[in-house]
Each structure stands twice: as structure tokens, then as C-alpha cells.
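Residue-level listing of the chains:
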There are 2 protein chains.
Amino acid sequence: MPHKKAQNLEIDNLDIQILSILMNNATTPYTEIAKELIVSGGTIHVRMKKLEEMGVIKGASLEVDPQKLGFDITAFLGIYLEKGSQYNEAVKRLKEVKEIVELYYTTGSWSIFAKIVCHDTTHLREVLNERIQSVPGIQRTETFISLEESVKRQISLD
Amino acid sequence: MPHKKAQNLEIDNLDIQILSILMNNATTPYTEIAKELIVSGGTIHVRMKKLEEMGVIKGASLEVDPQKLGFDITAFLGIYLEKGSQYNEAVKRLKEVKEIVELYYTTGSWSIFAKIVCHDTTHLREVLNERIQSVPGIQRTETFISLEESVKRQISLD
DNA sequence: GTTGAAAAGTGCTGCGA
DNA sequence: TCGCAGCACTTTTCAAC
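Along each chain, residues carry numbers from 1 onward, in the same order as the chain's sequence is written. The naming scheme follows written order: chains are lettered A onward, ligands numbered 1 onward. Where totals are concerned, whole chains, interfaces and linings use all residues; where local detail is concerned, this predicted model gives features only for residues with pLDDT of at least 70, and gives and counts side-chain atom pairs only at 80 or more. Side-chain metrics in this entry use all non-hydrogen atoms of the structure; hydrogen atoms and water are not considered.

Caption draft 1: Looking closely at the packing of aromatic side chains. Aromatic pairs are defined between Phe, Tyr and Trp rings, using the six-membered ring for Trp, whenever the two ring centres lie within 6.5 Å; interplanar angles under 30 degrees are classed as stacked, those over 60 as edge-to-face, and all others as tilted. According to the stated counting rule, one finds 16 aromatic pairs over all chains in the structure shown. Aromatic side chains Tyr104(A) and Phe76(B) sit 4.8 Å apart centroid to centroid with 65° between the ring planes, which places their arrangement in the edge-to-face category. Of the two residues, Tyr104(A) sits in strand E3 (residues 100-106) while Phe76(B) sits in strand E2 (residues 73-81), which places them in two different chains. An identical accessibility class is assigned to Tyr104(A) and Phe76(B); each is buried. Each member of the aromatic cluster is reached from another via a ring pair, and the members are Phe76(A), Tyr104(A), Trp110(A), Phe113(A), Phe144(A), Phe76(B), Tyr104(B), Trp110(B), Phe113(B) and Phe144(B). Two limits define a charge over a ring: the Lys NZ or Arg CZ must be within 6 Å of the ring centre, and within 35 degrees of the ring normal. Above the plane of the ring of Tyr80(B) lies Arg140(B), whose end atom (NZ or CZ) is 4.3 Å from the centre. Under the scheme used here, helices are H or I runs from DSSP no shorter than 4 residues and strands are E runs no shorter than 2 residues, and both carry numbers assigned from the N terminus. In this scheme, a residue with accessible area under 20% of its type's maximum is buried, one over 50% is exposed, and one in between is partly exposed, where area comes from a 1.4 Å probe on protein chains only.

Pasting the structure below:
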């Protein structure tokens, strides 16, 4: 019977070490990683290709400072739905709200939990009143404003 | 009187367009960005250097799939402090808990709001009971477990 | 400030061990 | 499966506009 080319699809210690380095700084050259882990540059390349094929690596993104770009307010939203079954429809509508940067389906008091980034309080009020509260099925929301971001990092693989 | 070399420290439309492209895919070559925005590769380089010096760009990081690395649980924690003045000391201790990936000082019911990533429920219980509840000043916590991450993206600069 | 091209460094591929 | 060496591509620099 036909089958795919045999591949090693396990994640070993070397893979973890490569990921740890690149999660902190995605621009680290392969040659530098190779030197640090005492393997060849080609090996790093092969491992990275494997991790990408496995879907472990989803991509690389530039981290920016929202405040320096005029986004002064980060807030969290607990959203109550009239019925839990309205989740999918509500998410579809909420995805169109560009200010929502994260959205989760959670256990506990709320059905939906969201993170939102706005320019100022006027902008926040407009997004809340006109674009979120108007979504069908949303009963009410609770807002928590972040006064300080003290930790923002990736998971530690050690 | 002595003064620094004059520099244009304003962010114009071209900067915003460059950032928009790289925020979605940090590995886009400068030459490709240049072609798309109809400027030279050198210009992209100069702008990026300016944005880095201004602190607008904080770095580039590799995005991984936590589940594929054995991290199955994402949870949110609302933390009550005995006194608000204990915030700094508590954050210092909580920073040592590697499972905490985000931590905010927020308005509303809780003093601290945190995002936490764990392997499984046993791991989550251990982190909560043994490493978070034991921090001086922490009165009690409320836990919300994420059952689905529906949105995870960067702010839109348009 | 921007351009275009040259110089330096990095990523990628195939052969050999 | 890994390492080495050559080729292709990207980043970086710089004189000129």
C-alpha cells in the first residue's frame, strides 16, 4: 500500500533548544544558533523545516509598542451571552471589530472573554457601545482597563 | 550648546505601511516590501532603523502552537490582593512563576489579572495551589479556563 | 530623504561520510 | 542522519541625486 516518506516527527531536546532561542529573538541567525548548540547550520535548517511541517511553528511576528503608535488603552472584556448557543454567530460578528485582538470561549461567569486595544477612552466607548453591544445575543459586558502591563512573554520550554 | 544630531522622529504613512506588512509576517524580505510600496530597499532599511531607535519596534518573536508542545491549558486568573500597596512585591514574586505569560494591573474587581499556560489540569492545580496562592498578599484567585482561542492577532494600524 | 548598486553576511541544496 | 562547501538571496552600506 502507498504511504508517505518516513519522517521523524518527534520533538527532541535539540528542537526545544532551537525554539527557545528563536522565541526570544526570531532574527537570530541560524549560524549563531548552530554555534551555540554545537551543530551545523544545515542541521538547524532541517529541524526548522520539520517543525514548520509539523505545525509547531505558526510564523514570526514583529512586536511593536502600541503606546508609541497612539494606542493608549488596553482593556479586557467579559461578555455575557443570552444563550450559549449563540457563540459562533457572536464570534463571527466580533471578528469584524478590528480593535479586538484576542477572543476566547471560557468557563466561568462569562461566555466570551476578549482583549481590546484602543486609542483613548472616547475610542473605547465608541467600540463598546456602537460595535460590541449591538451584536445580537450579547446581553451585557464587564470592562477591565489595564493600567500597567507587568509581564508579557512566551511560554518557557525548559 | 551641544545637541544630538537632527533626526526625523515622526511616524509617517510609509512607516505605518511597512509595520503593517511586517506585523503579519516578520520574515517578509525588505526587497519585497520595497517593491510593494514602490520605494527602494535602502529606504525600508532606513525606516526600520528609525523605528527601532524610537522603540516602536520591540523585537521579533517566533509564534508556536502551545498544544503541539504539550501545553494544553490556557487559563485566566483574577487575583485579589489584601492591600493594593502590595502590588509591586506580589508582581516580583509572580514573575518567577514561568507559567504566567502575561500580567496586568487592572481596574475593577481584581488588582491583578494574569494569563497562564500549563501542560494539564494537574500542572495547573500545582501552579495555583503551591506557587501562586503562597505569594504574600494574595487573598484569593478566580480561574477561567479557555476552551477555545477564536481570535489572536495584532492591532490593525489602518 | 531617497536611490541604485556593490559588499558582506545569511539561507539553502546536494554530495559525501 | 549529519556535516561540509558552493550557490542564491537578502541585508547592509555608501556615494550621488
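Caption draft 2: Main features of the interface of chain B and chain A. Throughout, a residue-residue contact means that at least one pair of heavy atoms, one from each residue, lies within 4.5 Å. In this assembly, 60 residues from chain B lie in contact with 60 residues from chain A. Carbon and sulfur atoms make up 62% of the surface buried where chain B meets chain A, a total of about 5,700 Å² over both sides. Within this document, salt bridges are pairs made up of a side-chain nitrogen of Lys or Arg and a carboxyl oxygen of Asp or Glu, the two lying within 4 Å of each other. Applying the counting rule to chain B against chain A returns four salt bridges. Put simply, Glu102(A) and Lys152(B) hold a salt bridge, and the shortest N to O gap is 3.9 Å. By buried area we mean the combined loss of accessible area, with a 1.4 Å probe, across both parts when two parts are placed together.

Caption draft 3: Local environment of unusual backbone geometry. Residues and elements named next belong to chain A. Positive phi values are uncommon outside glycine, yet Ile38 reaches one of about 55°. Relative to the helices and strands, Ile38 resides in the loop between helix H2 (30-37) and helix H3 (41-54). Accessibility expressed as a relative area gives 75% for Ile38, which makes it exposed.

Caption draft 4: Region of the structure containing the protein's contact with DNA strand D. Any residue with a heavy atom positioned within 4 Å of a molecule or strand is treated as near that molecule or strand. By nearness alone, every residue bordering DNA strand D is listed as Val39(A), Ser40(A), Thr43(A), Arg47(A), Pro29(B), Tyr30(B), Thr31(B) and His45(B). Near the protein, meaning within 4 Å, the atoms of DNA strand D are sugar or phosphate in a fraction of 84%, with bases accounting for the rest. Backbone polar atom of Ser40(A) to a phosphate oxygen of DNA strand D: 3.4 Å apart, as the coordinates give it. The term polar contact refers here to a pair of N or O atoms within 3.5 Å; inside protein, the definition further demands a hydrogen-donor-capable atom paired with an acceptor-capable atom, and it admits residues adjacent in sequence only when both atoms are side-chain atoms. Between DNA strand D and Thr43(A), the relevant distance is 2.4 Å, taken from a phosphate oxygen to a side-chain nitrogen or oxygen of the residue. Those elements that provide at least two residues to the surface near DNA strand D are H3 of chain A together with helix H2 (30-37) of chain B. A breakdown of the residues in the surface near DNA strand D according to their chemical character gives three nonpolar, four polar and one charged. Asp, Glu, Lys and Arg are counted as charged, while Ala, Val, Leu, Ile, Met, Phe, Trp, Tyr, Cys and Pro are counted as nonpolar; the rest, among them Gly, fall into the polar class.

Caption draft 5: Representation of the domain arrangement of chain A in the model. As far as domains go, chain A holds domain 1 (4-54) and domain 2 (66-145). Placing a centre on the C-alpha atoms of domain 1 of chain A and another on those of domain 2 of chain A gives a separation of 37 Å. Residue ranges labeled as domains rest on an automatic or database domain assignment.

Caption draft 6: Spotlight on the pattern of salt bridges. Evaluation of the coordinates by the stated rule reveals 18 salt bridges over all chains. Between Arg140(A) and Glu142(A) there is a salt bridge; the shortest N-O distance is 3.6 Å.

Caption draft 7: Spatial organisation of the sheet that holds strand E3 (residues 100-106) of chain B. Two strands qualify as a pair provided that DSSP identifies no fewer than 2 bridges between them. Reading around the circumference, E2(A)-E4(A)-E3(A)-E5(B)-E2(B)-E4(B)-E3(B)-E5(A) is the order of the eight strands in this closed barrel, with antiparallel pairing throughout. Between one strand and the next, the sheet's axes are offset by a mean angle of 35°, whatever the strand orientation. Pairing of E3(A) with strand E5 (residues 138-152) of chain B, which is carried by five bridges, proceeds in the antiparallel orientation. Note on E5(B): the bridge partner recorded for Glu102(A) is Lys152(B). Whenever a helix is involved, its axis is fitted only over the stretch in contact; in every case the axis is a line through C-alpha atoms, and angles between N-to-C directions fall within 0 to 180 degrees. Along the sheet, helix H4 (residues 87-94) of chain A contacts strand E2 (73-81), E3, strand E4 (112-118) and strand E5 (138-152) of chain A together with E5 of chain B; its crossing angle with E3(A), the most-contacted strand, is approximately 170°. Helix-sheet contacts for helix H5 (residues 121-132) of chain B involve E2, E3, strand E4 (112-118) and E5 of chain B, and the interaxial angle to E4(B) is about 140°.

Caption draft 8: Quick look at the UniProt feature "domain: HTH asnC-type" (unreviewed entry) in chain A. The UniProt record marks residues 11-72 of chain A with the feature "domain: HTH asnC-type" (unreviewed entry), using the residue numbering of this structure. Spanning residues 11-72 of chain A, this segment combines 55% helix with 13% strand, and its end C-alpha atoms are found 40 Å apart. UniProt positions are given in the numbering used here, feature names are shortened, and annotations may be inferred rather than shown by experiment.

Caption draft 9: Up close: the relation of the copies chain B and chain A. Residues below a pLDDT of 70 in either copy are left out; the C-alpha atoms of the rest, at least 70 in both, set the least-squares superposition of the copies. Each copy of the sequence occupies a distinct position, and chain B is placed on chain A by a rotation of 180° and an axial shift of 0.0 Å, giving an RMSD of 0.1 Å. Such a combination of rotation and displacement between the chain copies is what one expects of a two-fold axis. In terms of proximity to the rotation axis, the leading residue of chain B is Ser61(B), whose C-alpha is 2.8 Å off the axis. Interface overlap between copies is the fraction of interface residues in one copy that are interface residues in the other; for chain B against chain A it reaches 100%, indicating a shared surface.

Caption draft 10: Quick look at the side chain of Lys50(B). Residue and element names in this part refer to chain B. Along the chain, Lys50 falls in helix H3 (residues 41-54). A residue is classified by how much of its surface remains accessible, and Lys50, at 11% relative accessible area, is buried. A distance of 2.8 Å separates a polar side-chain atom of Lys50 from the backbone oxygen of Glu10.

Caption draft 11: Examining the protein's contact with DNA strand C more closely. Taken together, Pro29(A), Tyr30(A), Thr31(A), His45(A), Asn8(B), Val39(B), Ser40(B), Thr43(B) and Arg47(B) are the residues near DNA strand C. Restricting the count to atoms of DNA strand C within 4 Å of the protein gives a sugar and phosphate share of 88%. In the environment of DNA strand C, a phosphate oxygen lies 3.1 Å from a nitrogen or oxygen atom belonging to the side chain of His45(A). Between DNA strand C and Thr43(B) there is a distance of 2.9 Å, counted from a phosphate oxygen to a side-chain nitrogen or oxygen. Those elements that place two or more of their residues in the surface near DNA strand C are H2 of chain A together with H3 of chain B. Of the residues assigned to the surface near DNA strand C, the class counts are three nonpolar, five polar and one charged.

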